[in-house]
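The residues making up each chain are set out below.
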Amino acid sequence: QTQAVRATEGQATPAVEGEAPAVADRRAESRGPDRRQSPVDPEDLALRVEERTAELKAKKPQHTDDALRDIAQAQIEGETDFRTGTRNQNAYEKRMADIESGDAPAPAAASEVDAKAAGLTNNKFGKHYTDAILRNMARVLMQVAGKAGTVFRSGGDEFVIHWNDAREGARLHKEFASRLQEAHV
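Worth saying up front: this structure is predicted, and the values here are computed from it rather than measured. (Residues numbered from 1 in each chain as written. Predicted model: local features only at pLDDT ≥ 70, side-chain atom pairs only at ≥ 80, totals over all residues. Heavy atoms only, no water.)

Q: Mind laying out the pattern of salt bridges, listing which residues take part and the relevant values?
A: A complete count under the given rule lists 10 salt bridges for this structure. Here Arg69 makes a salt bridge to Asp66, at a shortest N to O gap of 3.7 Å. Of this pair, Arg69 and Asp66 both sit in helix α3 (residues 65-78), separated by three residues, roughly a single helical turn. We classify Arg69 as partly exposed; its relative accessible area is 32%. On the basis of relative accessible area, Asp66 is assigned to the exposed category, the value being 52%. In this structure, Arg171 and Glu175 form a salt bridge, with 3.7 Å as the shortest nitrogen-oxygen distance. Of this pair, Arg171 and Glu175 both sit in helix α7 (residues 166-183), separated by four residues, roughly a single helical turn. Its relative accessible area of 45% is what places Arg171 among the partly exposed residues. Sharing partners across several salt bridges, the network here consists of Glu50, Asp66 and Arg69. (Salt bridge = Lys/Arg side-chain N within 4 Å of Asp/Glu carboxyl O. Helix = DSSP H or I, 4+ residues; strand = E, 2+ residues; numbered from the N terminus. Buried < 20%, exposed > 50% of the residue type's maximum accessible area, 1.4 Å probe, protein only.)

By themselves these figures say nothing about function.
Below, the structure written as structure tokens:
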């Protein structure tokens, strides 16, 4: 049998000669979403590294710019959940410890979001689809929060948003719920 390759939504799908396109598409879908695609925005990551570098430079003027940039890069990567692009559980726990010790101001408001459907999806369809749901949910959360809040992945399928302003946080939380319903997440 000879094989050809058919592109399906940006993925190459091996197709058997004479195979109906729908069969090839179903085989491609059974593999699940592409796991290699990172939801982390490289421009946002670079901006966060530059901001952290400036903070470190003020605290450690004896270090070179390259050394400070390397330290900042490692810190930012250590605080980022690369599956969803949000801040990770370590960053959340550090923020909470800083709030409790008085080293950081408490957020004006906070929202908790628990993707209970992710567990059901994982049991029925597998981890790849669950990851896709979590990435989409995180993407919507980060779009809605924008600069008005910080999104953390605080657990497997749980997210927390720390809002800078309580009224704006309440309004954006409602917008988020509406957008999730539209996206069927």
